[in-house]
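Per-entry structural report
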Amino acid sequence: MSYLGLDLGTSGLRALLVDDQGAPIGSTERDYPLSHPHPGWSEQAPTDWIAALDSAVEELRATHPQFSALRGIGVAGQMHGATLLDADDTVLRPCILWNDSRSHAEATVLDQAPNVRRLSGNIVFPGFTAPKLEWVRTHEPEIYDRIAKVLLPAGYLNLYLTGEHVSDMSDSAGTSWLDVGERTWSGELLTTGHMRLDQMPRLVEGTEAAGTLRPELAKRWGVSARVVVAGGAGDNAAAACGIGAMNEGQGFVSLGTSGVLLAARDGYAPAPETALHTFCHAVPGRWYQMGVMLSATDSLNWFSRITGSKPADLTTELGPTIQAPSGVKFQPYLSGERTPHNDANVRGNFAGLGAATSRCDMTRAILEGVAFGLRDSFEALLSTNAHFDELIAIGGGTRSVYWLSVIATALDIPIRVPSSGEFGAALGAARLGMIAAESAEVTQVMTPPRLAEPIMPMQNLRHAYDDAYSKFRAAYAWQKESPY
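Residues numbered from 1 in each chain as written. Predicted model: local features only at pLDDT ≥ 70, side-chain atom pairs only at ≥ 80, totals over all residues. Heavy atoms only, no water.

Structural notes on the overall build of the protein chain
The following threshold applies: Comment: elements are numbered from the N terminus, with helices defined as DSSP H or I runs of at least four residues and strands as E runs of at least two. Atoms counted for the radius of gyration: C-alpha only. Globule rule: 2.2 Å times residue count to the power 0.38. Throughout, exposure labels follow a simple rule: accessible area from a 1.4 Å probe, protein chains only, divided by the maximum for the residue type, with under 20% read as buried, over 50% as exposed, and the rest as partly exposed. We call two residues contacting when some pair of their heavy atoms lies within 4.5 Å. Surface accessibility follows the Shrake-Rupley procedure with a 1.4 Å probe radius. Residue values consider only the protein chains on display as shielding.
Helix and strand counts for the protein chain come out as 17 helices and 23 strands. Relative to the 2.2 N^0.38 estimate, which gives 23 Å for 484 residues, the radius of gyration of the protein chain is 22 Å and therefore close to what a compact globule would have. Across its three principal directions, the C-alpha atoms of the protein chain cover 65 × 50 × 45 Å. Within the protein chain, the proportion of its 484 residues that are buried is 60%. Expressed as a percentage of contacts within the protein chain between residues at least 6 apart in sequence, the contacts between residues at least 24 apart total 72%. Accessible surface for the protein chain amounts to roughly 18,100 Å². Of this, 51% is attributable to carbon and sulfur atoms.

Some details on the nonpolar core
Applicable threshold: By nonpolar core we mean a set of buried residues, namely Ala, Val, Leu, Ile, Met, Phe, Trp, Tyr and Cys, connected to one another through side-chain atoms within 4.5 Å.
Counting residues in each nonpolar core, the largest one holds 111 residues, and the members touching the most others are Leu4, Leu6, Leu13, Ile73, Leu161 and Trp221. Ranked by the residues each element gives to this core, the list is headed by helix H15 (residues 425-438), at 9 residues. Beyond its immediate sequence surroundings of up to four residues, Leu6 is in contact with Leu13, Arg14, Ala15, Leu53, Ile73, Gly74, Val75, Ala76, Leu157, Leu161 and Ala429. Grouped together as the second largest cluster of nonpolar side chains are 48 residues, Phe350, Val370, Leu404 and Tyr469 included.

Observations regarding the side chain of Thr28
What counts, and what does not: By the criterion applied in these results, polar contacts are pairs of N or O atoms within 3.5 Å in which, for protein atoms, one can donate a hydrogen and the other can accept it, and in which residues neighboring in sequence qualify only through two side-chain atoms.
The topology assignment puts Thr28 in strand E3 (residues 24-31). In terms of polar contacts, Thr28 uses its side chain to reach the side chain of Glu59, at 2.8 Å. Excluding residues within four positions of it along the chain, Thr28 makes contact with Leu13, Arg14, Ala15, Ala56, Glu59 and Leu60.

Let's talk about the pairing of strand E17 (residues 259-265)
Side-chain direction in a regular strand flips from residue to residue, so the side chains alternate between the two faces of the sheet. Where we set the bar: Any two strands between which DSSP finds at least two bridges are classified as paired.
By the criterion of burial, E17 is predominantly enclosed, with 7 of the 7 residues buried. The pairing of strand E16 (residues 251-255) with E17 spans 5 bridges and is antiparallel. Along E17, the bridge assignment pairs Gly251 with Ala263. Hairpin geometry of E16 and E17 is characterised by an intervening segment of 3 residues between the two adjacent antiparallel strands.

Regarding the packing of helix H10 (residues 235-243) against H15
Keep this limit in mind: Interaxial angles span 0 to 180 degrees and are taken between N-to-C directions of axes, which are lines fitted to C-alpha atoms, for helices over the stretch in contact. An angle below 35 degrees is read as roughly parallel, one above 145 as roughly antiparallel, one from 65 to 115 as roughly perpendicular, and any other as oblique. In the scheme used here, Gly and all other residues not listed as nonpolar or charged are polar, with Ala, Val, Leu, Ile, Met, Phe, Trp, Tyr, Cys and Pro taken as nonpolar and Asp, Glu, Lys and Arg as charged.
Packing of H10 against H15 leaves a shortest axis separation of 6 Å and a crossing angle of 80 degrees. Taken together, the axis directions place H10 and H15 in an arrangement best described as roughly perpendicular. In this structure, H10 uses Asp235, Ala238, Ala239, Cys241, Gly242 and Ile243 to contact H15, whose residues at the interface are Ala425, Leu427, Gly428, Ala429, Arg431 and Leu432. Split into classes, the residues belonging to the contact of H10 with H15 amount to 8 nonpolar, 2 polar and 2 charged.

Here's the deal with the sheet that holds strand E18 (residues 277-280)
Read across the sheet, 6 strands follow the order E18-E19-E17-E16-E22-E23 without closing on themselves; strand pairing throughout is mixed. Each edge of the open sheet is held by one strand with a lone partner, namely E18 and strand E23 (415-416).

Some points on the packing of helix H2 (residues 104-111) against helix H4 (residues 129-139)
Put simply, the test is: Whether a crossing is left-handed or right-handed is set by the direction in which the near helix is turned from the far one by less than a right angle, anticlockwise for left-handed and clockwise for right-handed.
Relative orientation of the contacting elements H2 and H4 amounts to 115 degrees, with a least axis distance of 8 Å. When the axes of H2 and H4 are compared, the crossing they make is right-handed. Together, Glu106, Ala107 and Leu110 of H2 and Ala130, Pro131, Glu134, Trp135 and His139 of H4 make up the contact between the two elements. Partitioning the contact of H2 with H4 into residue classes produces 5 nonpolar, 1 polar and 2 charged.

What to know about H15
The following threshold applies: The length a helix should cover is 1.5 Å for every residue beyond the first.
The end-to-end C-alpha separation of H15 is 20 Å, in line with the 20 Å expected for 14 residues at 1.5 Å each. With 12 of 14 residues buried, H15 is to be regarded as a mostly interior element. Ala425, Ala426, Leu427, Gly428, Ala429, Ala430, Arg431, Leu432, Gly433, Met434, Ile435 and Ala436 are the residues of H15 that are buried.

Take a look at the structure:
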């Protein structure tokens, strides 16, 4: 038997084929473009997602005979995106993505409405789905009036695969329409957001069967047996499934375009005042909380473009051993910030630059600034009684051991990385497909990967990092009072 995990990301799709033990058989990736028609806007054509999927599947079919034994599929998707469909399932406009900030005013209005935080468990952030629909209602009424269904990106891929309008709990929790504690669409939240229940997809748990692969796709893909498509997951819930973060005390730090610090929780205890996200997990009866910063590796990639140097070259020239933070400071708010500030308008900056400042100094400041942004989320999680003995690190930024050492020291916690193999959202999605297809036990499938030796905090630098973090926090307060 084989199972397919799809990770529908912001910049591309990753397809992973695994066997019935969860071991990788083969994988491939396809990129697609982002559109920024106005400052602060971020959009994508859903047709590009379908083209990427078709192309990826064709490659896996051609290179791995085991594909013909496909039995289950799971989709992990970038969260919050608004894919708007008419009554014929025709896409009405480009999907408005999670990192689009145009609806900040609408988000503020919704967030201040009675019971919204209580029912949704969260602040209404500009990147969430509900304020996007409010923006469309105001600025594109001719499109708004034709909306028959709203799907998240993963839901649109599931529609293509099954012909069903479905959404899993973890993905839906980021819409501001879901009663996250009860795991059901909230009539009150929908009414507040001027939406109707019939415009929502059917809700399923991530481990449930959302449908089966459409016969025409099964024929084209060369699979003969019934292929079950799981409910799937939002990208971070899927990543938690990939590393086996199911229970209290388990979590990870993700160094991707955005930065995420996630804690699995055994129960539902929202804390919207902290600007943490409290979402349903991809498995029944579980939730998770996470802090999100919008520009993690994106900060380093920005500096890479400015300097004309590859990110890996920038971090390599720092050497193997971290130093105490220097006088150069960086605030990583290139696209605003979520946790803990919920500030779509704040922007990043360097401070302490001098005639002797080098490129290395600025690179170090960026890595330290991102680490302090993650500490903001870490402190918020600790305030909700989350606890960790260590954190698993995933994402592209983990290729820099220097950066991981900075984060370990800034958070004062050991950081571990998987020693080899697959462990990300695509694996989590494949695991969900396996559980849905085979009625497998979650505890048997969602196991942690083998981990390398921990990267320990540099205790001789802890005081220096604590002092630098205090200055980092104060700098935001100063900028908020005196923007420039």
